[in-house]
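# Summary of the model geometry
Below are the chains, spelled out letter by letter.
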Amino acid sequence: MATKTAEGAGTETGAQHDETVAETAVTEEAQAPEQHESDAEAPGTEPRRPSGVGQGAGAVVSAALGLVSLNGGWVGTVASARAQLMGQLKTSSQAGVAQQIKAVYGDAWHATALWAGLFAVAALVVGVAVLARPAFGAPGRPQAPWIKSVAWGGVALGVVGLLLAALKYSDALLGLPSVG
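Predicted model only: the values in this text are computed from it and were never measured.

Rules behind the numbers
Residues numbered from 1 in each chain as written. Predicted model: local features only at pLDDT ≥ 70, side-chain atom pairs only at ≥ 80, totals over all residues. Heavy atoms only, no water. Helix = DSSP H or I, 4+ residues; strand = E, 2+ residues; numbered from the N terminus. Buried < 20%, exposed > 50% of the residue type's maximum accessible area, 1.4 Å probe, protein only. Contact = heavy atoms within 4.5 Å. Polar contact = N/O pair within 3.5 Å; in protein donor to acceptor, adjacent residues only side chain to side chain. Axes fitted to C-alpha atoms, helices over the stretch in contact; angles between N-to-C directions. Parallel < 35°, antiparallel > 145°, perpendicular 65-115°, else oblique. Left-handed = near helix turned anticlockwise from the far one by under 90°. Nonpolar A, V, L, I, M, F, W, Y, C, P; charged D, E, K, R; others polar.

By secondary structure assignment, the location of Lys168 is in helix H5 (residues 145–169). Taking the relative accessible area as the measure of exposure, Lys168 reaches 12% and is therefore buried. Apart from residues no more than four positions distant in its own chain, Lys168 is found in contact with Trp109, His110, Thr112, Ala113, Ala116 and Leu173.

Below you can see the structure in the form of structure tokens.
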């Protein structure tokens, strides 16, 4: 570290001291990247690896979507209530009982099943994407076991939710009661 002095006398004025400090800071900043680069290239150091936080979050989201697919969630409930209201508005009091049941309850049931199926498909897509991610990531970097477990749970819940949604929508599971 070099200092500037007034005519080599060994003493510094205030302005010269500020100039010296500024030069020292610039010199240290210029040398810092070189030191970090040489550290990164040193033998025996490992490159920084991704932590897997995104994959873990994706696995948890997949499991949550799978759980929502089993009960339809808030969106399914709102869609069901809307379909029920629309059915009540569309049917007249002179309509037959079978037509009223279908319009008021059947359409609402199908709306719930449709939304549950959409959540199940989303759970499947996210879960499969998390499980397939290591194939496209850094080679030699295994996926954490808990991430695989949670992602497989999300996929399984998605499959069950999709199956139940299809059975509800087709009226094979808890279909509308027959009249007469």
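Read on, since the account is not over.
Let us look at the side chain of Thr112. Relative to the helices and strands, Thr112 resides in helix H4 (residues 97–132). Reaching out from Thr112, the side chain makes a polar contact with the side chain of Ser80 at a distance of 3.4 Å. Each residue touching Thr112, except ones within four places of it in the same chain, is listed here: Gly76, Ser80 and Lys168.

Moving on, we come to the packing of H4 against H5. When two helices pack together, their arrangement is given by the angle between the helix axes and the distance between those axes. Look at H4 against H5: their axes get within 7 Å of each other, and the N-to-C directions meet at 155°. Relative to H5, H4 is oriented roughly antiparallel. For the pair H4 and H5, the crossing hand works out as left-handed. Grouping the amino acids of the contact of H4 with H5 by side-chain chemistry returns 19 nonpolar, seven polar and two charged.

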